[in-house]
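# Descriptive analysis of the structure
Each chain is listed here by its residues.
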Amino acid sequence: MAAGRPRAAIVTGGAAGIGLGIVQRLLDDGMNVLAADRNPDACDVARRLLEGRPAHVMEADMADEERVREVMDEALVHFGRIDLLCNNAGVRHIAPLADIPFADWQESFRVNVDAALLGARAVLPAMREQGSGVIVNIGSISGTAPYAEGGAYGASKAALIALTRVMAMEFGPLGVRVNCIAPGSIDRESTGEMSSSHIPIGRTGVPQDVASLVAYLASDEASYLNGAVIVLDGGATAGRTRPGR
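Report follows, based on the coordinates. (Residues numbered from 1 in each chain as written. Predicted model: local features only at pLDDT ≥ 70, side-chain atom pairs only at ≥ 80, totals over all residues. Heavy atoms only, no water.)

### Some remarks on the sheet that holds strand 7 (residues 229-232)
Applicable threshold: In this description, strands pair whenever DSSP reports at least two bridges between them. The numbering of helices and of strands both runs from the N terminus, where a helix is a DSSP run of H or I of at least 4 residues and a strand a run of E of at least 2. An axis is simply a line fitted to the C-alpha atoms; with a helix, the fit covers only the stretch in contact. Between two such axes, the angle follows the N-to-C directions and lies from 0 to 180 degrees.
Here seven strands make up an open sheet; going across it, the order is 3-2-1-4-5-6-7 and the pairing parallel. Only two strands of the sheet have a single neighbouring strand rather than two, namely strand 3 (55-59) and strand 7. Across the sheet, the mean angle separating the axes of adjacent strands is 15° when strand polarity is ignored. Alignment of strand 2 (residues 32-37) against strand 3, held across five bridges, turns out to be parallel. If you follow leucine 34 over to strand 3, its bridge partner there is histidine 56.

### Some remarks on the environment of arginine 5
Stated precisely, the cut-off is as follows: Any two residues whose heavy atoms approach within 4.5 Å are treated as being in contact. Any pair of nitrogen or oxygen atoms within 3.5 Å is treated as a polar contact; in protein, a donor-acceptor pairing is required on top of that, and neighbouring residues in sequence qualify only through side-chain atoms on both sides.
Position of arginine 5 among the secondary structure elements: in the segment before strand 1 (8-12). Taking the C-alpha atoms as reference, arginine 5 lies 9.6 Å from methionine 31; in sequence the two are 26 residues apart. Excluding residues that lie within four positions of it along the chain, arginine 5 makes contacts with Phe79, Gly80 and Arg81. Here phenylalanine 79 takes part through its backbone oxygen, which lies 3.4 Å from a polar atom of the side chain of arginine 5.

### Comments concerning empty space enclosed by the protein
If you roll a probe as big as a water molecule over the atoms, it shows you where there is empty space left. Defined as follows: Points on a 1 Å grid, built from protein atoms alone, make a cavity when a 1.4 Å probe fits but cannot get out and make a pocket when they are open with protein on both sides within 12 Å along at least 5 of 7 lines; residues with an atom within 4 Å of a point are the lining residues. Grid points are joined across faces, edges and corners, and a volume is the space filled by probe spheres set on the points.
Applying the stated criterion across every chain, the model contains one cavity of 30 Å³ or more. Approximately 50 Å³ is the volume found for the largest cavity. Considering the residues around the largest cavity, the lining is formed by Thr12, Asn87, Asn88, Ala89, Val111, Asn112, Ala115, Ala116, Ile138, Lys157 and Leu160. Elements represented by at least two residues in the lining of the largest cavity include exactly helix 4 (102-130) and helix 5 (151-171).

### Notes on the nonpolar core
What counts, and what does not: Residues grouped as a nonpolar core are buried Ala, Val, Leu, Ile, Met, Phe, Trp, Tyr and Cys residues, joined through side-chain atoms within 4.5 Å. Each residue is assigned to one of three classes by its accessible area relative to the maximum for its type, calculated with a 1.4 Å probe on protein chains only: buried under 20%, partly exposed between the two thresholds, exposed over 50%.
Counting 31 residues, the largest nonpolar core has Ile10 and Ile135 as the members making the most contacts within it. Put simply, the parts of the chain that give this core at least two residues each are strand 1, strand 2, helix 3 (65-79), helix 4, helix 5 and strand 6 (176-183). At eight residues, helix 4 tops the list of elements feeding residues into this core. Leave out the neighbours within four places in its chain, and isoleucine 135 touches Leu85, Asn87, Ala120, Val123, Met127, Phe171, Val176, Arg177, Val178 and Asn179.

### So, the packing of helix 3 against helix 4
Our working rule: By the definition used in this description, the sense in which the near helix is turned from the far one sets the handedness, with an anticlockwise turn below a right angle giving left-handed and a clockwise turn giving right-handed. Polarity classes work like this: nonpolar for Ala, Val, Leu, Ile, Met, Phe, Trp, Tyr, Cys and Pro, charged for Asp, Glu, Lys and Arg, and polar for all others, with Gly in that last group.
Where helix 3 contacts helix 4, the two axes come as close as 9 Å, and the packing angle between them is 35°. The handedness of the crossing between helix 3 and helix 4 comes out as right-handed. Residues Glu65, Val68, Met72 and Leu76 of helix 3 form the contact with helix 4, whose own contacting residues are Leu118, Gly119, Arg121, Ala122, Val123 and Ala126. Here the residues of the contact of helix 3 with helix 4 are counted per class, giving seven nonpolar, one polar and two charged.

### Quick word on the packing of aromatic side chains
What counts here: Two aromatic rings from Phe, Tyr or Trp, using only the six-membered ring of Trp, form a pair when their centres are within 6.5 Å; if the ring planes differ by under 30 degrees the pair is stacked, by over 60 it is edge-to-face, and anything between is tilted. Charge-over-ring contacts are defined here by two conditions on Lys NZ or Arg CZ: a distance within 6 Å of the ring centre and an angle within 35 degrees of the ring normal.
Evaluation of the coordinates by the stated rule reveals one aromatic pair. Measuring from centroid to centroid gives 5.3 Å for tryptophan 105 and phenylalanine 109, while their planes differ by 40°, and the two rings are tilted. You can see tryptophan 105 and its partner phenylalanine 109 sitting in helix 4, four residues apart, about one turn around the helix. Relative accessible area serves as the criterion here: at 27%, tryptophan 105 is assigned to the partly exposed category. With relative accessibility at 22%, the residue phenylalanine 109 sits in the partly exposed group. Between the NZ or CZ atom of arginine 92 and the centre of the ring of tyrosine 153, over which it lies, the distance is 5.7 Å.

### Here we look at the layout of surface pockets
Within this model, the largest pocket holds a volume of roughly 850 Å³. Along its surface, the largest pocket is lined by 41 residues, and Asn88, Gly90, Val91, Tyr153 and Arg188 are the ones closest to its centre. Residue assignment for the lining of the largest pocket shows that the elements contributing at least two residues are helix 1 (17-28), strand 2, helix 4 and helix 5. Top element by residues in the lining of the largest pocket is helix 1. It accounts for three residues.

Okay, structure coming up:
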């Protein structure tokens, strides 16, 4: 790997919402960033928004193994190194288990779990050669506290948590740290219209909240943090209030 180059990151689902917030924060921190997203319209908007910054936006389905390899190759061509992979791409299908189309169930695991595995395996050779690297998987509190009619989403995010822990055990000896962020309610468009009555601190999260934690996990300050699942929900799942309170 080329020494002395700025650190470089790949953010999946990086053209909108939480992913775009992560991209912008990493750019602010001086990193080069490749944002991969399967939504062509979102990619066009992100390209205009990020014009003039050290960012590359690439349309890609990260659950397609060949396309994933192309994304990693593109990052190496543009940046010469890969220091961070943030597996943020995700889908959420809401339906009772008795009724959810099996194709939607399969897509939940394909995007939320398979893509994270494919991305991690693709960046591992470069990170191993560098002797360092960070993978951050964006999970959900639904992976530990699921809700009715969110079975496909919750099950896939629970699988991502397990995958994170196994990655941490297997990749840690190679110099690659792997952690998972489990957000709660995040107002992806920062409209302020989401209900926050169930959140002790009195507000929903915004993409910048997730982005700040990604930036910390990617930094040397988090060098001893590996295999962690960090809940980021304003205290929503901390416990229950007493009846009548």
